[in-house]
Amino acid sequence: MSKANNPKLKSWLTVESDSDFPIQNIPFGIFRKGKGFRVATIIGDQVIDLFELNKRGYFAGLNIDNSVLKSEFLNDFISLGKKKTNKVRERISDLFKSTTRKLKSNEKDRKAILSPVGKVELTMPIKVGDYTDFYSSRDHATNVGKMFRDPENALLPNWLHLPVGYHGRASSIVVSGTDITRPKGQQMPVGADKPVFGPCKLLDFELEVGFVVGKKTELGESINMDNAEEHIFGLTLFNDWSARDIQKWEYVPLGPFLGKSFASSISPWIVTLEALEPFRSKSPKQNKPKPLPYLKNDRDRNYDINLLVDIVPENGEGKTVCESNFKYMYWNMCQQLTHHTVNGCNVNVGDMCASGTISGPKRGSFGSMLEISWKGTMPVDMPDGSQRKFINDNDTVVIRGFGEKDGVRIGFGEVSGKILPAKK
Ligand code: CA
């Protein structure tokens, strides 16, 4: 494990005990500076400008071109390769640990390099080339199968043999804080003989975690279970907004289309796989049936990351409607990426893969309103006396995520999105 993960490390920057960003995290993101952009990290509530660090010589010996650190997106930085980006993480850890005075004692440099997070605009961190969404939580797939198919045979025959997925839309992935307009589309009302057109009435979130591809492959090449982690740069929180009524009418036989492609939201900081190493947890047994050999999992490849979803009405008190955990995944990220490329499909730096809705085994840990309200039959009571079956106009949905171990909390911050009424 990297020395940057040492739980004993403290920073000379102030880090509150409930902060997602202690010195052991060092995630990467982008913020706007003047008319340009800067590659950044965060410790406590201080955003750290990596371009200024490099320009002022704090990355001496790492040999990083300044242009990489004033890009609009992290893609060029990630393309430097894990070996180098991990060195950057370790250098930042060294510079900001409590015993290092070099930058701490240089007020001019400190002013140029640090900005309070409340004073900057965090922007979309990745130029997403291709986006794939999986469907890898067994409890979620079982819940959906029970509701819409046969409660006795909830999982389709392929589900336990391969990580089911579909190719989503990269152009509509947006950063946390971006408003989402309620989509319009075709719906087939129950009992009707022809479809109607109008605003979605059953707007939902899906609690997911996304990973960013950090190393490309050539067409015809396949990633395998042994090298898959080399191809994963880091993780974000991911909200796969879903229009259930549009989805229900359109999805046969080729899968999700306009019911999904209107928007997905991600958190602004990419937490590296290396920072999450302490949270590696057991993967579920896969022996009934055993996966084919190319998907065989013989390591702990799940991650113990608490996930929470809040619905916050406009001017009202929010309510936590879901407490789940990334460890509940049946198919892990390595299996997803291995399966994705087993046919020779190439991947590129900045491609994004999302987990699929992460539901736990119990009510209260279901990762979508579809499951929480069980198709609208069990509404959720809100603190203001109103009820929710799905998401109302002007509601904000907030997903948070963090792991905690040895007194160190490694978090993602949040991904939030407010629903605006459909356009006239
Ligand atoms: Ca999804």
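Throughout, residues of each chain are indexed from 1 in the direction in which the sequence is written. With the structure being a predicted model, the display of local features is reserved for residues of pLDDT at least 70 and the display and counting of side-chain atom pairs for 80 or more, all residues being used for whole-chain, interface and lining totals. Excluded from the side-chain calculations are hydrogens and water; all other atoms, namely the structure's heavy atoms, are used.

A.B. asks: Before we move on, can you summarise the overall build of the protein with the specific residues and values?
C.D. replies: Helix and strand assignments follow DSSP, with helices taken as H or I runs no shorter than four residues and strands as E runs no shorter than two, numbered in order from the N terminus. A tally of helices and strands in the protein yields nine helices and 26 strands. Against the compact-globule benchmark of 22 Å for 424 residues, the protein has a radius of gyration of 22 Å, which places it among compact chains. Taking the principal axes of its C-alpha atoms as reference, the protein extends roughly 70 × 55 × 40 Å. In the protein, the share of contacts with a sequence separation of at least 24, taken over all contacts with a separation of at least 6, comes to 72%. Surface accessibility of the protein: about 19100 Å² in total, with carbon and sulfur atoms responsible for 50%. As used throughout, the charge tally considers Lys and Arg to be positive and Asp and Glu to be negative, leaving His and the chain termini uncounted. Charge coordinates come from a single atom per side chain, which is NZ of Lys, CZ of Arg, CG of Asp or CD of Glu. Side chains of the protein give 59 positive and 50 negative charges; the mean places of these two sets differ by 3 Å. Only the C-alpha atoms count toward the radius of gyration. The rule for a globule is 2.2 Å times the residue count to the power 0.38. Two residues qualify as a contact provided that any one of their heavy atoms is within 4.5 Å of a heavy atom in the partner residue. Here the open area of atoms and residues is found with the Shrake-Rupley method and a 1.4 Å probe, where only the protein chains shown may cover a residue.

A.B. asks: So what about the sheet that holds strand 26 (residues 408–420)? Which residues, and what values?
C.D. replies: Sheet architecture is open: five strands sit in the order 9-26-25-20-21, paired in mixed fashion. Two strands close off the open sheet at either side, each with one partner strand: strand 9 (180–181) and strand 21 (319–325). Whether two strands pair comes down to DSSP finding at least two bridges between them. Two strands pair when backbone bridges link them, and strand 25 (residues 396–405) and strand 26 are joined in this way by nine bridges, in the antiparallel orientation. Each residue of the ladder has a partner; that of Thr 396, found in strand 26, is Lys 418.

A.B. asks: How would you summarise helix 8 (residues 333–341) if you had to cite specific residues and measurements?
C.D. replies: Working definition: with a 1.4 Å probe on protein chains only, accessible area under 20% of the residue-type maximum means buried, over 50% means exposed, and in between means partly exposed. Summarising burial for helix 8: nine of the nine residues are buried, a large majority. Those residues of helix 8 that sit buried are Met 333, Cys 334, Gln 335, Gln 336, Leu 337, Thr 338, His 339, His 340 and Thr 341. In this structure, the buried residues of helix 8 make contact with strand 6 (131–134), strand 7 (165–167), strand 13 (207–213), strand 14 (232–239), strand 19 (302–303) and strand 22 (352–354). At the N-terminal boundary of helix 8, the capping side chain belongs to Asn 332, with an oxygen 3.1 Å from the backbone nitrogen of Cys 334. Any pair of nitrogen or oxygen atoms within 3.5 Å is treated as a polar contact; in protein, a donor-acceptor pairing is required on top of that, and neighbouring residues in sequence qualify only through side-chain atoms on both sides.

A.B. asks: Any chance you could break down the environment of Gly 407 for me, citing the residues and the numbers?
C.D. replies: Structurally, Gly 407 is set in the loop between strand 25 and strand 26. The exposed category is assigned to Gly 407, whose relative accessible area is 84%. The spatial distance from the C-alpha of Gly 407 to the C-alpha of Ala 192 is 57 Å, given a sequence separation of 215 residues.

A.B. asks: Which residues make up the packing of aromatic side chains, and what values do they have?
C.D. replies: By convention, a stacked pair of Phe, Tyr or Trp rings (six-membered ring in the case of Trp) has centres within 6.5 Å and planes under 30 degrees apart, an edge-to-face pair has planes over 60 apart, and any other such pair is tilted. Evaluated as defined, the whole model comprises eight aromatic pairs. Members of the aromatic cluster, each reached through a chain of ring pairs, are Phe 28, Phe 77 and Phe 233. A ring is scored as having a charge over it whenever the NZ atom of a lysine or the CZ atom of an arginine sits within 6 Å of its centre and within 35 degrees of its normal. Positioned above the aromatic ring of Phe 148, the side-chain terminus of Lys 375 is 5.2 Å from the ring centre. Between the NZ or CZ atom of Arg 409 and the centre of the ring of Phe 402, over which it lies, the distance is 3.7 Å.

A.B. asks: I'd like a description of the coordination of the calcium ion, backed by residues and values.
C.D. replies: The calcium ion binds to the protein through Asp 133 (OD), Glu 206 (OE), Glu 208 (OE) and Asp 240 (OD); the donor distances cover 2.2 to 2.3 Å. Only N, O and S atoms count as donors, using a 2.8 Å cut-off from the metal and 3.2 Å for Na, K and Ca, and because water is excluded some sites may appear unfinished. Donor residues for the calcium ion, ordered by position in the chain, follow D-x72-E-x1-E-x31-D. Using a relative accessible area of 5% as the deciding quantity, one classes Glu 206 as buried. Relative accessible area serves as the criterion here: at 0%, Glu 208 is assigned to the buried category.

A.B. asks: Break down the pairing of strand 13 for me, citing the residues and quoting the values.
C.D. replies: Look at any regular strand and the pattern is simple: side chains alternate between the two faces of the sheet. Extensive coverage of strand 13 is indicated by the burial of seven of its seven residues. Residues of strand 13 alternate between two faces, with Leu 207, Val 209, Phe 211 and Val 213 on one and Glu 208, Gly 210 and Val 212 on the opposite face, all of them buried. Sheet topology places strand 13 next to strand 14; seven bridges connect them, and they run antiparallel. Considered in strand 14, the bridge of Val 209 is made with Leu 237. Both strand 13 and strand 22 contribute to a ladder of three bridges, which runs antiparallel.

A.B. asks: Can you tell me about the environment of Lys 288, naming the residues and giving the values?
C.D. replies: Mapped onto the elements of the fold, Lys 288 is located in the loop between strand 18 (280–281) and strand 19. It is 9.6 Å that separates the C-alpha atoms of Lys 288 and His 161, two residues lying 127 residues apart in sequence.

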